[in-house]
Amino acid sequence: DLGKLVQEVLAGLKIRFAERKLNLAVKVQPGLSQIDVDPKLIAQVYQNLLTNAIKYTADGGRIRVKIEKVEAEVISEISDDGYGIPAGEQHRVFDKFYRGSNIMKLETDGTGVGMYLARSIVESSRGRIWFKSKEGKGTTFWFSLPVAGTPAKEGEVSLS
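Since this is a predicted model, take the numbers as computed values, not measurements.

Rules behind the numbers
- Residues numbered from 1 in each chain as written.
- Predicted model: local features only at pLDDT ≥ 70, side-chain atom pairs only at ≥ 80, totals over all residues.
- Heavy atoms only, no water.
- Helix = DSSP H or I, 4+ residues; strand = E, 2+ residues; numbered from the N terminus.
- Buried < 20%, exposed > 50% of the residue type's maximum accessible area, 1.4 Å probe, protein only.
- Contact = heavy atoms within 4.5 Å.
- Axes fitted to C-alpha atoms, helices over the stretch in contact; angles between N-to-C directions.
- Left-handed = near helix turned anticlockwise from the far one by under 90°.
- Nonpolar A, V, L, I, M, F, W, Y, C, P; charged D, E, K, R; others polar.
- Expected span 1.5 Å × (residues − 1).
- Pairing = 2+ DSSP bridges.
- Parallel < 35°, antiparallel > 145°, perpendicular 65-115°, else oblique.
- Polar contact = N/O pair within 3.5 Å; in protein donor to acceptor, adjacent residues only side chain to side chain.

Draft legend 1. Up close: the overall build of the chain. Counting its regular elements, the chain contains 3 helices and 5 strands. Secondary structure elements in the chain, listed N-terminal to C-terminal, are α-β-α-β-β-α-β-β. Residue burial in the chain is summarised as follows: out of 160 residues, 46% are buried. Counted over contacts in the chain with a minimum sequence separation of 6, partners at least 24 positions apart contribute 67%.

Structural data, given as C-alpha coordinates:
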(Lines give C-alpha, C1' and ligand atoms only; values in the text may rest on other atoms or scores of the structure.)
Protein backbone atom coordinates (compact mmCIF):
# COMPACT_ATOMS: atom_id res chain seq x y z
CA ASP A 1 0.00 0.00 0.00
CA LEU A 2 2.04 2.94 -1.31
CA GLY A 3 -0.33 5.47 0.25
CA LYS A 4 0.23 3.97 3.68
CA LEU A 5 3.97 3.62 3.04
CA VAL A 6 4.41 7.30 2.11
CA GLN A 7 2.36 8.34 5.17
CA GLU A 8 4.75 6.34 7.38
CA VAL A 9 7.76 8.07 5.81
CA LEU A 10 6.08 11.47 6.20
CA ALA A 11 5.34 10.75 9.87
CA GLY A 12 9.07 10.25 10.41
CA LEU A 13 9.76 13.62 8.76
CA LYS A 14 7.01 15.55 10.58
CA ILE A 15 9.44 17.45 12.82
CA ARG A 16 11.55 18.56 9.86
CA PHE A 17 8.47 19.87 8.06
CA ALA A 18 7.45 21.78 11.21
CA GLU A 19 10.93 23.21 11.82
CA ARG A 20 11.00 24.66 8.31
CA LYS A 21 7.30 25.68 8.37
CA LEU A 22 6.78 23.81 5.11
CA ASN A 23 3.30 23.29 3.70
CA LEU A 24 2.56 19.70 2.74
CA ALA A 25 -0.19 18.45 0.44
CA VAL A 26 -0.68 14.71 -0.09
CA LYS A 27 -3.06 13.22 -2.65
CA VAL A 28 -3.38 9.46 -3.04
CA GLN A 29 -5.79 8.09 -5.62
CA PRO A 30 -8.71 6.44 -3.79
CA GLY A 31 -8.91 2.68 -4.11
CA LEU A 32 -5.30 2.35 -5.24
CA SER A 33 -4.47 -1.35 -5.24
CA GLN A 34 -1.51 -2.76 -3.38
CA ILE A 35 1.53 -3.77 -5.39
CA ASP A 36 4.15 -6.38 -4.65
CA VAL A 37 7.42 -4.49 -4.04
CA ASP A 38 9.99 -4.42 -1.26
CA PRO A 39 8.47 -1.90 1.18
CA LYS A 40 11.80 -1.07 2.86
CA LEU A 41 13.45 -0.22 -0.44
CA ILE A 42 10.52 1.83 -1.76
CA ALA A 43 10.28 3.63 1.60
CA GLN A 44 13.93 4.57 1.09
CA VAL A 45 13.06 6.11 -2.30
CA TYR A 46 10.31 8.22 -0.71
CA GLN A 47 12.67 9.11 2.14
CA ASN A 48 15.40 10.30 -0.25
CA LEU A 49 13.04 12.32 -2.44
CA LEU A 50 11.21 13.92 0.49
CA THR A 51 14.38 14.67 2.44
CA ASN A 52 15.79 16.46 -0.60
CA ALA A 53 12.55 18.38 -1.07
CA ILE A 54 12.74 19.52 2.57
CA LYS A 55 16.43 20.45 2.41
CA TYR A 56 16.17 22.30 -0.87
CA THR A 57 13.00 24.29 -0.22
CA ALA A 58 13.10 27.62 1.61
CA ASP A 59 11.31 27.98 4.95
CA GLY A 60 7.57 28.36 4.40
CA GLY A 61 7.71 26.63 1.02
CA ARG A 62 5.42 23.98 -0.35
CA ILE A 63 5.90 20.26 -0.98
CA ARG A 64 3.35 18.07 -2.73
CA VAL A 65 3.04 14.29 -2.93
CA LYS A 66 0.74 12.59 -5.40
CA ILE A 67 0.31 8.86 -6.03
CA GLU A 68 -1.91 7.53 -8.80
CA LYS A 69 -2.34 4.58 -11.13
CA VAL A 70 -1.75 5.37 -14.80
CA GLU A 71 -2.35 2.38 -17.06
CA ALA A 72 -0.03 -0.45 -15.89
CA GLU A 73 2.02 1.72 -13.51
CA VAL A 74 1.65 3.45 -10.17
CA ILE A 75 3.30 6.84 -10.42
CA SER A 76 4.51 8.76 -7.39
CA GLU A 77 5.17 12.48 -7.77
CA ILE A 78 7.09 14.59 -5.24
CA SER A 79 7.31 18.28 -6.07
CA ASP A 80 8.57 21.39 -4.34
CA ASP A 81 8.83 25.10 -4.99
CA GLY A 82 12.43 25.15 -3.83
CA TYR A 83 15.78 26.18 -5.24
CA GLY A 84 15.71 23.94 -8.30
CA ILE A 85 18.60 22.34 -10.15
CA PRO A 86 20.77 24.39 -12.53
CA ALA A 87 19.92 23.49 -16.15
CA GLY A 88 23.55 22.77 -17.02
CA GLU A 89 23.84 20.25 -14.18
CA GLN A 90 20.57 18.34 -14.56
CA HIS A 91 22.22 15.51 -16.52
CA ARG A 92 24.24 14.71 -13.36
CA VAL A 93 21.36 14.42 -10.86
CA PHE A 94 21.51 10.62 -10.65
CA ASP A 95 25.34 10.48 -10.57
CA LYS A 96 26.90 9.15 -7.40
CA PHE A 97 28.17 12.00 -5.15
CA TYR A 98 26.62 14.77 -7.27
CA ARG A 99 25.32 17.85 -5.41
CA GLY A 100 24.08 21.00 -7.15
CA SER A 101 26.51 23.91 -7.22
CA ASN A 102 23.70 26.27 -6.19
CA ILE A 103 22.97 24.17 -3.10
CA MET A 104 26.36 23.45 -1.59
CA LYS A 105 26.58 27.04 -0.31
CA LEU A 106 23.08 26.94 1.21
CA GLU A 107 22.92 23.39 2.55
CA THR A 108 26.16 21.77 3.67
CA ASP A 109 24.55 18.51 4.85
CA GLY A 110 24.48 15.74 2.25
CA THR A 111 26.64 13.20 0.46
CA GLY A 112 25.15 13.18 -3.02
CA VAL A 113 24.16 9.51 -3.01
CA GLY A 114 20.40 9.83 -2.38
CA MET A 115 19.31 10.20 -6.00
CA TYR A 116 21.81 7.57 -7.16
CA LEU A 117 20.31 5.10 -4.67
CA ALA A 118 16.74 6.10 -5.52
CA ARG A 119 17.38 5.40 -9.20
CA SER A 120 19.06 2.07 -8.42
CA ILE A 121 16.14 0.95 -6.25
CA VAL A 122 13.44 2.07 -8.69
CA GLU A 123 15.16 0.48 -11.68
CA SER A 124 15.83 -2.77 -9.81
CA SER A 125 12.07 -2.79 -9.04
CA ARG A 126 11.38 -2.56 -12.80
CA GLY A 127 10.27 1.05 -12.56
CA ARG A 128 11.63 4.31 -13.89
CA ILE A 129 12.47 7.69 -12.36
CA TRP A 130 12.65 11.13 -13.93
CA PHE A 131 12.36 14.81 -13.02
CA LYS A 132 11.79 18.33 -14.21
CA SER A 133 13.42 21.32 -12.56
CA LYS A 134 13.81 25.04 -13.02
CA GLU A 135 16.37 26.89 -10.95
CA GLY A 136 14.67 29.22 -8.51
CA LYS A 137 11.25 27.66 -9.16
CA GLY A 138 11.46 24.10 -7.84
CA THR A 139 11.71 20.49 -8.83
CA THR A 140 9.32 17.63 -9.45
CA PHE A 141 10.46 14.00 -9.32
CA TRP A 142 8.32 11.15 -10.57
CA PHE A 143 8.91 7.45 -10.22
CA SER A 144 6.83 4.61 -11.51
CA LEU A 145 6.42 1.04 -10.36
CA PRO A 146 4.65 -1.66 -12.35
CA VAL A 147 1.17 -2.50 -11.05
CA ALA A 148 2.17 -6.15 -11.55
CA GLY A 149 4.86 -5.65 -8.90
CA THR A 150 8.44 -6.77 -8.84
CA PRO A 151 9.16 -10.47 -9.40
CA ALA A 152 11.10 -12.11 -6.58
CA LYS A 153 14.80 -12.45 -7.25
CA GLU A 154 16.70 -15.58 -6.41
CA GLY A 155 19.99 -15.44 -4.53
CA GLU A 156 21.82 -12.26 -3.58
CA VAL A 157 20.68 -8.93 -4.88
CA SER A 158 23.02 -6.01 -5.42
CA LEU A 159 22.09 -2.39 -6.08
CA SER A 160 25.41 -1.58 -7.78
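Draft legend 2. Region of the structure containing the packing of helix α2 (residues 39-55) against helix α3 (residues 114-124). In the contact formed by α2 and α3, the axes pass within 9 Å of each other and the chain directions differ by 150 degrees. Read as a crossing pair, α2 and α3 show a hand that is left-handed. Only Gly-114, Met-115, Leu-117, Ala-118, Ile-121 and Val-122 of α3 make contact with α2, whose side of the interface consists of Leu-41, Ile-42, Gln-44, Val-45, Asn-48, Leu-49 and Asn-52. Looking at the contact of α2 with α3, its residues break down into 9 nonpolar, 4 polar and no charged.

Draft legend 3. Structural context of α2. Here α2 spans 24 Å end to end across 17 residues, near enough to the 24 Å set by a 1.5 Å rise per residue. The element α2 is largely enclosed, with a buried count of 12 among its 17 residues. For α2, the full list of buried residues reads Ile-42, Ala-43, Val-45, Tyr-46, Asn-48, Leu-49, Leu-50, Thr-51, Asn-52, Ala-53, Ile-54 and Lys-55. Packed against the buried residues of α2 are α1 (2-19), β2 (62-70), β3 (73-80), α3 and β5 (138-146).

Draft legend 4. Representation of the pairing of strand β4 (residues 128-134). The two faces of β4 differ: Ile-129, Phe-131 and Ser-133 on one face are buried, but Arg-128, Trp-130, Lys-132 and Lys-134 on the other face are not. Pairing between β4 and β5: 7 bridges, direction antiparallel. In the strand pairing of β5, Lys-134 is matched with Gly-138. Linking β4 to β5, which pair antiparallel, is a turn of 3 residues; within it Gly-136 sits at a positive phi near 85 degrees.

Draft legend 5. Layout of the packing of α1 against α2. In the contact formed by α1 and α2, the axes pass within 9 Å of each other and the chain directions differ by 40 degrees. By the angle between their directions, the pair α1 and α2 is classed as oblique. Classified by chirality, the crossing of α2 by α1 is right-handed. Contacts between α1 and α2 pair Leu-2, Leu-5, Val-6, Val-9, Leu-10, Leu-13, Arg-16 and Phe-17 from the former with Pro-39, Ile-42, Ala-43, Tyr-46, Gln-47, Leu-50, Thr-51, Ile-54 and Lys-55 from the latter. For the contact of α1 with α2, the per-class residue count stands at 13 nonpolar, 2 polar and 2 charged.

Draft legend 6. Region of the structure containing α3. When α3 is considered as a whole, its buried residues turn out to be Met-115, Tyr-116, Ala-118, Ser-120, Ile-121 and Val-122. Here the buried face of α3 lies against α2, β4 and β5. Directly beyond the C-terminal end of α3, a positive phi value near 65 degrees is found at Arg-126.

Draft legend 7. Looking closely at the side chain of Ser-133. Tracing the backbone shows Ser-133 in strand β4. Within the structure, the side chain of Ser-133 is placed 3.3 Å from the backbone oxygen of Gly-138, a separation counted as a polar contact. Discounting chain neighbours no more than four positions away, the residues touching Ser-133 are Gly-84, Ile-85, Gln-90, Gly-138 and Thr-139.

Draft legend 8. Expanded view of the sheet that holds strand β1 (residues 23-28). Taken in spatial order, the 5 strands of this open sheet run β1-β2-β3-β5-β4, and their pairing is mixed. Of all strands in the sheet, those bounded by a partner on one side alone are β1 and β4. Going from strand to strand, the sheet's axes swing by 10 degrees on average, the running direction of each strand aside. Pairing geometry for β1 and β2, over 6 bridges, is parallel. Note on β2: the bridge partner recorded for Asn-23 is Arg-62. Its contacts with the sheet put α3 on β4 and β5, and the angle it makes with β4 is roughly 145 degrees.

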